[in-house]
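Overview (structure and organization)
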Amino acid sequence: MVKAKDKAKDKQHKETQRERKRKVKELLISLGKKIYYDLDNGIFPEVHIPSRSVSNIVYDERLRQYILGKAKITRSSKNIRHLRSFTQLIWLAFFVDKLVNEGKTSTLRDVYYSSQAFGMDFEDQAESDHIITDLEALLSLAREDFNIYPEERSSIFGDLTIEYTVRGYEGRRLNLSDHPDGYLIGPSLSSAEFVDTSAELVIAVE
C-alpha cells in the first residue's frame, strides 16, 4: 500500500515537472514569436513588464501573499535608453531556453559569466540579476522554473530522506545525515522530493 502511494506520488511529481517545463517553453516560444513578428513587419519590438514599484504591490487573499499588480512598464527597442536592457532580456530568454531544453541548471553567478562567452555585455552580476528578475516578472514565473538558482552557500543536515529528480539521478534516495558536515543546498537538492523524516523541529540559522 505504501509503495503504491509512493509510485502515485512520484508519478504526480513527474507530471508536475513536465507541465512546468512545458509552460516555460510555451511562454518562451510565444515571446520569441512576438519578437520575430514585429521584426518581420517593420515594428520595433517591445515588451510590457509588471512594475515592481511599491505602489504596484498588492496582497492576494487567495494566495495569501503579496504579488505584483496590474501596472506595467514598457521596454521598447525603439527607445535608445531601453535598447541595452531590452537586448539583455531577449538574450536571457534564449539562454533559459537552452537550459530548459538541455535539462541543465545554472547559478546566478554562472549566468553572468556565461553572458561573457556569448558576447553579451553586463557591467556586473547585479545587472544580470536585475534582468533575471525582469524575465521572472514578464513571464510570471520564478527563476527556479528557468533552472536558475542562487549560489550554493547554505547546507542542510539531519534525518531527512530525499529523492532526486534531476536528470541522471531520478529515483536515487539520500539521507541528509549521512555526511557529518551536511549537504549543500544546490539545484539538485532544491528540486528533490521529500520522502521521510523523524524530525519534530527544524532550525534555520542565517
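Everything discussed here concerns the structure shown above.
Summary of the structure given here.

1. Re the overall build of the protein chain
- Summing up its helical and strand segments, the protein chain has five helices and eleven strands in all.
- Taking all 206 residues of the protein chain together, 33% fall into the buried category.
- Pairs at least 24 apart in sequence give 61% of the contacts found in the protein chain among residues at least 6 apart.
- When the accessible surface of the protein chain is totalled, it reaches about 13900 Å², and 53% of it is carbon and sulfur.
- Between the averaged position of the 31 positive side-chain charges in the protein chain and that of its 33 negative side-chain charges there is a distance of 6 Å.

2. Considerations on helix H4 (residues 125-139)
- Given a rise of 1.5 Å per residue, 15 residues ought to cover 21 Å, and the 21 Å separating the end C-alpha atoms of H4 matches this to within 8%.
- Along H4, the residues classified as buried are Gln-125, Glu-127, Ser-128, Ile-131, Ile-132, Asp-134, Leu-135, Glu-136, Ala-137, Leu-138 and Leu-139.
- In the segment just after H4, Ser-140 is the residue with positive phi, at about 55°.

3. Regarding unusual backbone geometry
- Even without glycine at this site, Ser-140 takes up a positive phi of about 55°.
- Position of Ser-140 among the secondary structure elements: in the loop between H4 and strand S6 (148-149).
- Its identity as a non-glycine residue notwithstanding, Asn-147 has a phi of 70°, on the positive side.
- Structurally, the position occupied by Asn-147 is in the loop between H4 and S6.

4. Considerations on the packing of aromatic side chains
- Applying the stated rule across the entire model yields eight aromatic pairs.
- On the basis of an interplanar angle of 80° and a centroid distance of 5.6 Å, the ring pair of Phe-94 and Phe-118 is categorised as edge-to-face. Of this pair, Phe-94 sits in helix H2 (residues 80-102) while Phe-118 sits in the loop between helix H3 (108-117) and H4, and the two are 24 residues apart along the sequence.
- Since its relative accessible area comes to 37%, Phe-94 is described here as partly exposed.
- Taken together, the ring pairs connect Trp-91, Phe-94, Phe-95, Phe-118 and Phe-122 into an aromatic cluster.

5. Side note on the packing of H3 against H4
- The interhelical angle for the contact between H3 and H4, taken along N-to-C directions, is 105°, at an axis separation of 9 Å. The angle between H3 and H4 places the two elements in the roughly perpendicular class. Counting all contacts with H3, which are made through Leu-108, Arg-109, Val-111 and Tyr-112, the residues of H4 involved are Gln-125, Ser-128, Asp-129 and Ile-132.
- The residue inventory of the contact of H3 with H4, partitioned by class, reads four nonpolar, two polar and two charged.

6. Here's the deal with the sheet that holds strand S8 (residues 160-163)
- As summarised here, the arrangement of the three strands in space is S9-S8-S11, forming an open sheet in which the pairing is antiparallel. Looking at strand neighbours, the two that pair on one side only are strand S9 (173-175) and strand S11 (193-197), the edges of this open sheet. Each strand axis lies, on average, 25° off the axis of its neighbour in the sheet, ignoring direction.
- Examined bridge by bridge, S8 and S9 share three bridges and lie antiparallel to one another. Residue pairing for S9: Ile-162 is matched across the bridge by Leu-174.

7. Some thoughts on the packing of H2 against H4
- Packing of H2 against H4 brings their axes to within 9 Å, and their N-to-C directions diverge by 75°. In terms of orientation, H2 lies roughly perpendicular with respect to H4. Note on element contacts: H4 touches H2 through Glu-127, Ile-131, Ile-132, Asp-134, Leu-135 and Leu-138, opposite Arg-84, Ser-85, Gln-88, Leu-89, Leu-92, Ala-93 and Val-96.
- Classifying every residue of the contact of H2 with H4 by side-chain character gives eight nonpolar, two polar and three charged.

8. Some thoughts on the layout of surface pockets
- Within this model, the second largest pocket holds a volume of roughly 500 Å³.
- Contributing to the lining of the second largest pocket are 16 residues, with Ser-155, Ile-156, Phe-157, Val-202 and Ile-203 lying nearest its centre.
- Looking at the lining of the second largest pocket, its residues break down into ten nonpolar, four polar and two charged.

9. Quick look at the nonpolar core
- With 29 residues, the main nonpolar core has Leu-92, Val-96, Leu-135, Leu-138, Phe-146 and Ile-148 as its most contacted residues.
- When residues of this core are traced back to their parent elements, those giving at least two are helix H1 (2-40), strand S1 (46-50), H2, H3 and H4.
- When residues of this core are assigned to their parent elements, the largest contribution, nine residues, is made by H2.
- In this structure Phe-146 touches Val-24, Val-96, Leu-99, Val-100, Leu-135, Glu-136, Leu-139 and Leu-141, once residues within four positions along its chain are discounted.
- Judged by nonpolar contacts, the second largest core, of six residues, contains Ile-162, Tyr-164, Leu-176 and Leu-189.

Reading the values: the criteria
- Residues numbered from 1 in each chain as written.
- Predicted model: local features only at pLDDT ≥ 70, side-chain atom pairs only at ≥ 80, totals over all residues.
- Heavy atoms only, no water.
- Helix = DSSP H or I, 4+ residues; strand = E, 2+ residues; numbered from the N terminus.
- Buried < 20%, exposed > 50% of the residue type's maximum accessible area, 1.4 Å probe, protein only.
- Contact = heavy atoms within 4.5 Å.
- Areas by Shrake-Rupley, 256 points an atom, 1.4 Å probe, with all protein chains shown as cover.
- Lys, Arg positive; Asp, Glu negative; His and termini not counted.
- Charge placed at Lys NZ, Arg CZ, Asp CG, Glu CD.
- Expected span 1.5 Å × (residues − 1).
- Phe/Tyr/Trp six-rings, centres within 6.5 Å; stacked < 30°, edge-to-face > 60°.
- Axes fitted to C-alpha atoms, helices over the stretch in contact; angles between N-to-C directions.
- Parallel < 35°, antiparallel > 145°, perpendicular 65-115°, else oblique.
- Nonpolar A, V, L, I, M, F, W, Y, C, P; charged D, E, K, R; others polar.
- Pairing = 2+ DSSP bridges.
- 1 Å grid on protein atoms, 1.4 Å probe; cavity = no way out; pocket = protein on both sides within 12 Å on 5 of 7 lines; lining within 4 Å.
- Points joined across faces, edges and corners; volume = space filled by probe spheres on them.
- Core = buried A, V, L, I, M, F, W, Y, C linked by side-chain atoms within 4.5 Å.

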